[in-house]
Amino acid sequence: MKHRLVDAIETALGWSGVDDLGKGFVRGSTDAPDLMSRILTPNRLLDIGMRRSLNRPQFRVFREGEEVHPAVYFTDSVSPRGQSIPMVNMHSLGMLLRDGATVILDQANVFDPTMEVACRALQWWSRERVQVNAYLTTNEASGFPLHWDDHDVVIVQLAGEKEWEVRGTSRSVPMYRDTDSNSTPSGEIIWSGIMKTGDVMHIPRGHWHQATRNGHGSGKSLHVTFGITKRTGASWLAWLGDWCRESEVFRRDLDRRHEADGRPLTDAAAQLIVERPPAEFLASYEQAMPLPRHVPFLDVFGRLDAVVCTTHFPPRIQDKGETVDVSASGKKLTFRAKALPSLRLLLSGRPVRLDQAVPAVGSEVVDIAEVLVKEEMCAPLTPELSSGYTGLVTTADS
């Protein structure tokens, strides 16, 4: 899947692929203001908050560095039958934003198709899980105090400007669950300055940072933070912990008297490490991811005319000669060899309009698309989902 935002991030940061992710702090700029407004605008963010029933921590507001109690900007919408649904009180939220505040929408990819597709493109690019949080700040609102994240982040400034300070690490590659609390900020300032519309910044895991609009007068800032959680050696060992249950020696009770040296266990553990190396863990992680959410296809709504592959990671296509195997999210499908051109098209991650695909790969593409939709590797391209691709990802059949 070739996505304009991924290309813009690579260009801004001077990357030629994913290899530099997590390696060091870097900052750059894009020359694509139309792309920034296409990704998200302040009004669209507020519209998401207005039209959905959201709760903390998905939707939060901060003022003067402190979180505002949800009761200030949430209200219950009560139906004629007395059913209560929590909704954002847009009048109260507007008053907070006029005074200067920060609105945070966690996992914006769950609520907005453009954010969903952007995260999927970054996942196909990085082969890691990605989520995006959106931050809207008005006037002279301050941000979070100095903190560090337990994952790598790519920050894209979509509108306005915000002042940042980025520091080095005080513990190398810290983790959320760790042996050290890592609570003392580093004194090494790597970069401080203003992020403006179109700027992109990569902050590796563990680097301390903070952002604010203090002293910048009236105005706004909207940025999105893509959190990319890479797997670690500790992740691999945790995965081995699940596999060890296959062996009886690990399921036995520990006997303090007869197995104090632990030799049977250490020998079995050494064998397991050899049998299940990190490369296998990396490959199996993608297959272990569940199938994503999407609108189901129901023929009572009409015929299937367009589809797109929505798996979290690129499906694995294996040409076996007479057959072709497709694997994704723990599922494995087998097709006849002649299906290979259709499969490559349908599983490209780009939208496919079936009437335009038939001349390119043959009429069987329609039947194969129906199978992939039934098995939930592809989703019907509804107008809402299609909006997440428009102007950002070219259709496969083009």
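Only a predicted model underlies this, so the values are computations on that prediction, with no experimental measurement involved.

Thoughts on the overall build of the protein
Within the protein one finds 13 helices and 18 strands. Principal-axis analysis of the C-alpha atoms gives the protein an extent of 70 × 65 × 55 Å. Counting all 398 residues of the protein, 47% fall into the buried class. Contacts in the protein between residues at least 24 apart in sequence constitute 76% of all its contacts with a sequence separation of at least 6.

Considerations on the sheet that holds strand β14 (residues 316–319)
Spatially, the 3 strands line up as an open sheet ordered β14-β15-β16, and their pairing is antiparallel. Looking at which strands have only one partner, the edges of the open sheet turn out to be β14 and β16 (331–336). Across the sheet, the axes of successive neighbouring strands diverge by a mean angle of 20°, strand direction being ignored. With 4 bridges connecting them, β14 and strand β15 (residues 323–328) associate as antiparallel partners. Opposite Q318, over in β15, you have D325 as the bridge partner.

Some thoughts on the sheet that holds strand β18 (residues 378–380)
The pairing of strands in a sheet comes from backbone hydrogen bonds and takes either a parallel or an antiparallel form. Judged by pairing direction, the sheet is antiparallel, and its 3 strands sit side by side in the order β17-β13-β18 without closing on themselves. Single-partner strands in this sheet number two, and they are β17 (352–353) and β18. Both strand β13 (residues 306–309) and β18 contribute to a ladder of 3 bridges, which runs antiparallel. Residue C309 lies in a different strand from β18, and its bridge partner there is C378.

Section: the packing of aromatic side chains
Counted by the stated rule, this structure contains 10 aromatic pairs. Judged by centre distance (6.3 Å) and plane angle (50°), the ring pair of F59 and Y73 falls under tilted. Taken together, the positions of F59 in strand β2 (residues 59–63) and Y73 in the loop between β3 (66–67) and β4 (74–78) put the pair 14 residues apart, joining distant regions of the chain. Of the two residues examined, F59 and Y73, each falls in the buried class. Geometrically, the ring pair formed by W239 and F281 is tilted, given 5.4 Å between the ring centres and 45° between the ring planes. Taken together, the residues span a long stretch of sequence, with W239 in helix α6 (residues 233–243) and F281 in helix α9 (residues 278–288) at a distance of 42 residues. With relative accessibility at 13%, the residue W239 sits in the buried group. These aromatic residues form a ring-pair network of at least three members: W239, W243, F281, Y285 and F313.

With respect to the nonpolar core
Judged by nonpolar contacts, the single largest core of 59 residues is most densely connected at F59, V61, V156, V224 and F226. F59 has contacts with G49, L54, Y73, F74, V88, L93, V103, I104 and L105, leaving out every residue within four places of it along the chain. Counting residues in each nonpolar core, the second largest holds 27 residues, with V324, L346, V352 and C378 among its members.

Focus on the pattern of salt bridges
By the definition in use, this model includes 18 salt bridges. E375 is the partner of K331 in a salt bridge, and the nearest nitrogen-oxygen pair spans 3.0 Å. Taken together, the positions of K331 in strand β16 and E375 in the loop between α12 (364–374) and β18 put the pair 44 residues apart, joining distant regions of the chain. Salt bridges linked by common partners bring E246, R276 and E280 together as one network.

A word on a nonpolar patch on the surface
Side chains of L298, V300 and F301 sit close together on the surface and give an oily, nonpolar patch of about 350 Å² of accessible area. Looking at where L298 falls in the secondary structure, it is placed in the loop between α9 and β13. Relative accessible area serves as the criterion here: at 38%, L298 is assigned to the partly exposed category.

A closer look at the packing of α6 against α9
Contact geometry for α6 and α9: axes closest at 10 Å, N-to-C directions at 80°. On the basis of their axis angle, the class for α6 and α9 is roughly perpendicular. Where α6 abuts α9, its residues S235, W236 and W239 lie against P278, E280, F281 and S284. Class assignment for the residues of the contact of α6 with α9 results in 4 nonpolar, 2 polar and 1 charged.

Topic: the environment of M175
Of note, M175 is situated in the loop between β8 (152–167) and β9 (189–196). Relative accessible area serves as the criterion here: at 28%, M175 is assigned to the partly exposed category. A sequence separation of 165 residues divides M175 from L340, and the C-alpha atoms of the two residues are 42 Å apart.

Points about unusual backbone geometry
Cis geometry marks the peptide bond from R56 to P57; its omega dihedral reads 10°. Positive phi, normally seen in glycine, also occurs at R127, with a value near 60°. Here R127 is to be found in the loop between α5 (113–126) and β7 (129–138). The partly exposed category is assigned to R127, whose relative accessible area is 36%. The phi dihedral of N182 falls on the positive side, at around 50°, and the residue is not glycine. Locating N182 in the fold gives a position in the loop between β8 and β9.

Quick notes on the pairing of β16
The side chains of a regular strand alternate between the sheet's two faces. Note: β15 against β16, 6 bridges, orientation antiparallel. What sits directly across from A328, in β16, is K331. Between the antiparallel neighbours β15 and β16 lie 2 residues, among them S329 with a positive phi of about 50°.

Thresholds applied
- Residues numbered from 1 in each chain as written.
- Predicted model: local features only at pLDDT ≥ 70, side-chain atom pairs only at ≥ 80, totals over all residues.
- Heavy atoms only, no water.
- Helix = DSSP H or I, 4+ residues; strand = E, 2+ residues; numbered from the N terminus.
- Buried < 20%, exposed > 50% of the residue type's maximum accessible area, 1.4 Å probe, protein only.
- Contact = heavy atoms within 4.5 Å.
- Pairing = 2+ DSSP bridges.
- Axes fitted to C-alpha atoms, helices over the stretch in contact; angles between N-to-C directions.
- Phe/Tyr/Trp six-rings, centres within 6.5 Å; stacked < 30°, edge-to-face > 60°.
- Core = buried A, V, L, I, M, F, W, Y, C linked by side-chain atoms within 4.5 Å.
- Salt bridge = Lys/Arg side-chain N within 4 Å of Asp/Glu carboxyl O.
- Patch = residues over 30% accessible without salt bridge, like charges linked within 9 Å, V, L, I, M, F, W, Y side chains within 5 Å.
- Areas by Shrake-Rupley, 256 points an atom, 1.4 Å probe, with all protein chains shown as cover.
- Parallel < 35°, antiparallel > 145°, perpendicular 65-115°, else oblique.
- Nonpolar A, V, L, I, M, F, W, Y, C, P; charged D, E, K, R; others polar.

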